[in-house]
Structures are given as C-alpha cells and as structure tokens.
Amino acid sequence: MKADMKKLVEVRNLKKYFPGSESSFFHTGNDVKAVDDVSFDIYEQETLGLVGETGCGKTTVGRTMLHLYRPTAGSILFNGVDLITLGEKELRHQRRKMQMIFQDPYASLNPRMTVGSIIGSPLDVHTKQDRKTKQDRVQELLEMVGLNPDFVNRYPHEFSGGQRQRIGIARALALNPEFVVCDEPISSLDVSIQAQVVNLLEDLQKKLGLTYLFIAHDLSMVRHISDRIAVMYLGKVVELADRDEIFLNSLHPYTQALMSAVPVPDPDLADKKHRIILEGDIPNPADPPVGCNFNTRCPIAVDKCFKEEPVYRETADKHWIACHLVK
Amino acid sequence: MKHLLEVKNLETRFYMQDGVVKAVNNVSYTMDRGEILGVVGESGCGKSVHALSMMQLIPYPPGKITNGEVWLDGQDLLTLSEEEMQKVRGREIAMIFQDPMTSLNPVYTVGFQIMEALLLHNNMSRREARDRAGELLELVGIPGAKDRLDDYPHQFSGGMRQRAMIAMGLSCEPKLLIADEPTTALDVTIQAQIIDLVKKLQDELGMAIMWITHDLGVVAELAHTINVMYAGSIVETGKIHNIYKDTKHPYTIGLLGSLPRLDDAPGTELVSIPGLPPDLLALPEGCPFAARCVYRIDKCLAEKPPLVEINGKDHAVACWRWEEIAGMGSR
C-alpha cells in the first residue's frame, strides 16, 4: 500500500446493536452487540480482508457499511460524504457506487427471473436506459465475468454454483461501482471453482479499478486476495495491518491462534507448525465478558484483561491492535 | 497382517427418473488397523456415498449397490442381512456426520443418546451405561461432563455437539470410525480443537479412522494415506507424502494448485481447474477428468485409465500419461 493513496471509505466508531430477542416484549433481554465500536479506513483500489469466526459481526459490518442496516451509532464516510446524514434520495444516489456480492449464490438470485433481468435490474432502478442499451450492457457484463452472452434468457437453476456466483458478480458490476462488499463470495463453492472466482475478482479489480471489502473466514484465501487484513472477534476489530505483517508478525493472541489453526495443505509444514489451540467457545455476543472480550479464551490473559477494556490503537506504523499486553 | 478393511470393485448406482446416476464406480482399496485414511474430493464425487454404501445405508430405491465386496475383518459386509448389519453398525464401524445439529435428536438428552448404543450393543445396565457415557463425554473434553448428561443438544455449542457425536461414535470402541466432513460446519479454531482431539483419541484407542473431506489442508495434518476421488472413482491414492510432494494425477495437481499457499508471492495467480465436474447421469466413456484436463490426448477420451501402482511406492494413479506429466514439472 502506498502512502499517497486516497481514503475511499472511513468507518468511525461504528456500532450496530440488535434488540435482544429473548423476552424482548419486556425489554429485559440484552442487546446483541453485533458490531461494537469499529473503526477503519479503506483506501482506493485496495482490498481490505475482514476475517473472523461465525457471529463475530463481520457480515454485519459489511451490511451496515452499505446501509442495509441502520447503524446504532458512528459514522461511515464514503468519498468524504457521511452516509448517515443523507436523506433517502441522496442515499440512493450514493448506493450506485457501492454494491454487494452475496455468500449464497443459490439464495441471492431470484429463481423466477432470467439472468438478463437479474443483471439488468440495477439498471432499471438507477438509470433510464432504453431496452437496446440495456441489453448490450447485460451482454457485455456476462462476457466480462466469463459467461456466454447468449445466456441472457436462461434461469438461475440452469447454472452451477460457480456460474451463479459469476451472475451475482455481473449484477454487482452493472452500475460501475467504486466499492464492492464481497460477503464470503466463495465459501459455498467447491475448491476447484473457488480459484476460478477469486481469479475473476482479481482481474476485474485490475481492469475496473475496484475497491473491495472481502469478508471471509478462510484465512488462506483472504491472505491471497487482500492488501490489508482486519481481524474481528465478538463485534470488535482486534487487529488490523498489512497482509504480510498480519501473517508474519501478528501481535494479538487471537490473531496468532487463528493463524495457527489454519490447516496447511502440506504435510511437512503441518508437522513443523506450532499450533495454538484455544480452549472453549466464542462467548454470547448478548452477554460479552467484562474487560477484554477475548479474556475467556486468551492463553496469556492477566488481571488487567478482566477489568479494563483494551484500547484499539496504532502500535507500529499502520498496525492497529487492541490488547493490553502489546507494548 | 491381514487388512482391517478391504473394499473391492464397489459400485453404487441411483436409479432416477432421468437416468442412472453412477455415484461410485469400481472403487477398490484397503485400510490397516490404526490407519487414518483421508478421502478427498469435491461435492458429488461419491466420497460420502461410498462410505454409506459400506454401511449399507443407501436408501433403496433409488440407490443400489450393484457390485463389489466390503471385507471388514474377514467378513463381507455386503452379504449380511439387515439384522446382522445392525450389529456391525455402531459396534464395528461407527460414523460421525457433518452437521452435529441435525444428526443429534433434539428431543432426547445428550446422555441418553450416548447410552442408546451402549444399551443396544453391550448388554450394560442403565447405571453402567450412564457412568460410561459420563466417561466418554469426559474423554472428548467436555468440561463438567457428568453434569451435562442431562442437557439437550441445543444447550451445547457447535463444537461441543461434534464432541458429543464423537463420544457416541466411540462408545462401543469400533474398529473403524468414519468421519464424514466432521469439521466443515465448524470455525477454524474449533476445527483445530476437534482435529487435536481426534489425533489424541486415535493415539490412545488405536482405531482406524476414515476422514472424508473436501479440505486438503485438514487431512494433511491428520492422515497417513489419502484417496483422491473424482466423479465416483479413485484417481490417485497413496501415502500422504507421495500425494502432496510427488503428485501425479492432473486433478490432484489442479486441486493443490487452486489452494492459495502461505508462501506465495503477492499477486500470484491461482492455478484454477477450468470447467465443471461431469454430470454423473452421463459420465463420459473415457477418463472422467478428461474434459477439464490440460494434458488430454485422444486415448483419454476413448478409454478409462485403470488405477496403476507406481513401482516400489505406496502410490497409485489412474492416468494414461502420468509418467510424461511427472517429467513436465507442472508446479
């Protein structure tokens, strides 16, 4: 990452709480703090990887950034414009520039619409193109994602998982967005197809100058595609740094454990690897522990970790971390 | 020593409305006592169906085992009646499934579900079975095991449920434990816990384990031997080092290439396998992988290559051109 790069998205102290589901009628259930005070920047044309385990809030961050959820608190600056202050009309205008690729290519395409109308629907909503222009654009998009342009009149069920994901990508690109949130775009695909889709995403980024937020739980794929990586745990970003810095010089005990838990497809390395096995499970986000939220599983926690919440701060150049034990 | 398990020419078919699905095609291999075998392949490659066939758990109709023998400790399982098979399942071969939430019964306590197999197979009294169930839960690392016997599955987390499943699988000390994608639904840190647990248990108890997965990383840490399956056939099999370090089959080469490696330079493009796996309703005449293979020649399309042993090594490959391809230094 170059120093002179422009910030495209700035997220500041973002919070998203969902009302507690249990006995919410009497408002006795705690709010689920899905995203709790998260701040980071995304620079133009970079890929920020966002990793974490189930329920850590990574998808909620992505959705809240696109305003699919209304944030509880905090601000999201896109090109310097605070999305939260915008009215509906202005927000819609901004939305053209931000798109999303969803995790499940089976659930995110309407089975009763043809591929042409799926890819064309963003054009219907945001532009007033005539049929011919629209048709041409749809075919151009299909070609761009490596599908046969003659497929416009087919239905989603005629395609395999990988091809469906390509359709989802074409739809996201229809309006020439600047920023795309990729929410686990490959985790439901087979291994040999995953590589095809990742290569496509990388090609498109180069060609169209896209900026990605790449949400995933597969660390090896995130390392492959990202420039910088943010690690989330229980609603908070615990560490954020350059890709190589995270992998070679991670400081947070959770990041270290997460890295060491990634299975390596190489028996020699697997034997040599020092593995940190975390005890226990992820705590309930409606009832997070007092102090550092990782203290229930942290192998090196000290007294302070159970009392005080660590501050998220920049310890070294562009290396952000939230841990008491890191100097 | 005789093998623990010997599968010979196993063939499973599903007779559907639009044709015959050739799910398992002429699969043969052996497993020794205490061996961990990784069965690797993508969805629909027949890895789970072949294991279910061994257990005679294929629903008929539409499924049918059309050929083959499955010898477990001197007994051909495919010739057994349903009653005899029930004595084998759970006692000789146990199975752990992918999704611990759907494979545990939500209306019975975890303790009861573990006791069930013990009461059925081991002639234990309820009290003995309950004590044993407590021991088993402790063995798989559930804190306060004895107090959790009366919990229901929903009171357990995903990782704990999978541990409870493993406890159930181990309850009758089977000779062979089949684990069908047991960690796919779990997070990486929990997956690491389960792998660690299985390794420990295998050391202590010495049963053979068949680990079915799509993840080449998981089995690299665990298995002694690997079967790579594609479109219902084994395309490459051998000792783990041969598979990862001396890869022969173009499909295995492609699979390993499509995984990002931690030592890749930034900007390295992943080697992807073009195209899609074949439709099992209409398998091609020749090599099932031919349509996607970069090394394809006319012979590959015409004739299916047999699994041939590579001399002097625990390694076999089903490819007409493996010797030439090995010389090309593909990776």
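The sections below set out a description of the structure shown in this document.

Conventions we followed
Residues numbered from 1 in each chain as written. Chains lettered and ligands numbered in written order. Predicted model: local features only at pLDDT ≥ 70, side-chain atom pairs only at ≥ 80, totals over all residues. Heavy atoms only, no water. Helix = DSSP H or I, 4+ residues; strand = E, 2+ residues; numbered from the N terminus. Contact = heavy atoms within 4.5 Å. Areas by Shrake-Rupley, 256 points an atom, 1.4 Å probe, with all protein chains shown as cover. Lys, Arg positive; Asp, Glu negative; His and termini not counted. Charge placed at Lys NZ, Arg CZ, Asp CG, Glu CD. Pairing = 2+ DSSP bridges. Buried area = accessible area lost by both parts, 1.4 Å probe. Salt bridge = Lys/Arg side-chain N within 4 Å of Asp/Glu carboxyl O. Polar contact = N/O pair within 3.5 Å; in protein donor to acceptor, adjacent residues only side chain to side chain. Axes fitted to C-alpha atoms, helices over the stretch in contact; angles between N-to-C directions. Parallel < 35°, antiparallel > 145°, perpendicular 65-115°, else oblique. Left-handed = near helix turned anticlockwise from the far one by under 90°. Phe/Tyr/Trp six-rings, centres within 6.5 Å; stacked < 30°, edge-to-face > 60°. Buried < 20%, exposed > 50% of the residue type's maximum accessible area, 1.4 Å probe, protein only.

Brief notes about the overall build of chain A
No. 1: Scanning chain A from terminus to terminus reveals eleven helices and twelve strands.
No. 2: Dimensions of chain A along its principal axes, counting C-alpha atoms only, are 70 × 55 × 45 Å.
No. 3: For chain A, the proportion of contacts with a sequence separation of at least 24, taken over those separated by at least 6, is 64%.
No. 4: Working note: accessible area of chain A is about 14800 Å², and carbon and sulfur atoms make up 49% of it.
No. 5: A distance of 5 Å separates the average location of the 40 positive side-chain charges in chain A from that of its 44 negative side-chain charges.

Things to note about the sheet that holds strand S9 (residues 225–230) of chain B
Residue and element names in this part refer to chain B.
No. 1: With respect to topology, eight strands assemble into an open sheet ordered S6-S7-S8-S3-S9-S10-S12-S11, the strand pairing being mixed. Unpaired on one side and paired on the other, strand S6 (93–96) and strand S11 (308–309) mark the two borders of the sheet.
No. 2: Sheet topology note: the S11/strand S12 (residues 315–317) ladder contains two bridges and is antiparallel. From the neighbouring strand, Glu309 faces S12, where its bridge partner is Ala316.

A few points about the interface of chain B and chain A
No. 1: Listed per partner, the contact involves 42 residues of chain B and 38 residues of chain A.
No. 2: Interface area, chain B with chain A, both sides summed: about 3500 Å², of which 56% is carbon and sulfur.
No. 3: Linking chain B with chain A are three salt bridges, by the criterion used here.
No. 4: Between Asp268 of chain A and Lys245 of chain B there is a salt bridge, with its nearest N and O atoms 3.6 Å apart.
No. 5: Taken together, the links from chain B to chain A amount to 16 residue pairs in polar contact (both at pLDDT 80 or more).
No. 6: Of all the elements in the fold, those that place two or more residues in the side of chain B that touches chain A are helix H7 (188–205), helix H8 (216–220), helix H9 (240–245) and helix H10 (250–257) of chain B.

Quick word on the sheet that holds strand S2 (residues 32–43) of chain A
Residues and elements named next belong to chain A.
No. 1: Strand order in the open sheet formed by four strands is S2-S1-S4-S5, and the pairing between neighbours is antiparallel. Each having just a single partner strand, S2 and strand S5 (81–82) make up the two edges of the open sheet.
No. 2: Sheet analysis places strand S1 (residues 7–18) next to S2, joined by nine bridges and oriented antiparallel. Across the sheet, Tyr17 pairs through a bridge with Lys33, a residue of S2.

Points about the packing of helix H4 (residues 110–122) of chain B against helix H6 (residues 158–170) of chain B
Residues and elements named next belong to chain B.
No. 1: Closest axis-to-axis distance for the H4/H6 pair is 8 Å, and the angle between their directions is 20 degrees. What the angle tells us is that H4 and H6 run roughly parallel. Relative to H6, the crossing made by H4 is right-handed. From H4, Val110, Gln113 and Ile114 reach across to H6, where they touch Ala164, Ala167 and Met168.

Focus on the packing of aromatic side chains
All names here are of chain B.
No. 1: Scanning all chains against the criterion turns up eleven aromatic pairs over all chains.
No. 2: Note on Tyr108 and Phe112: the rings are 4.9 Å apart at their centroids and 25 degrees apart in plane angle, and the pair reads as stacked.
No. 3: For Tyr108, a relative accessible area of 41% corresponds to the partly exposed category.
No. 4: The class for Phe112 is partly exposed, based on a relative accessible area of 28%.

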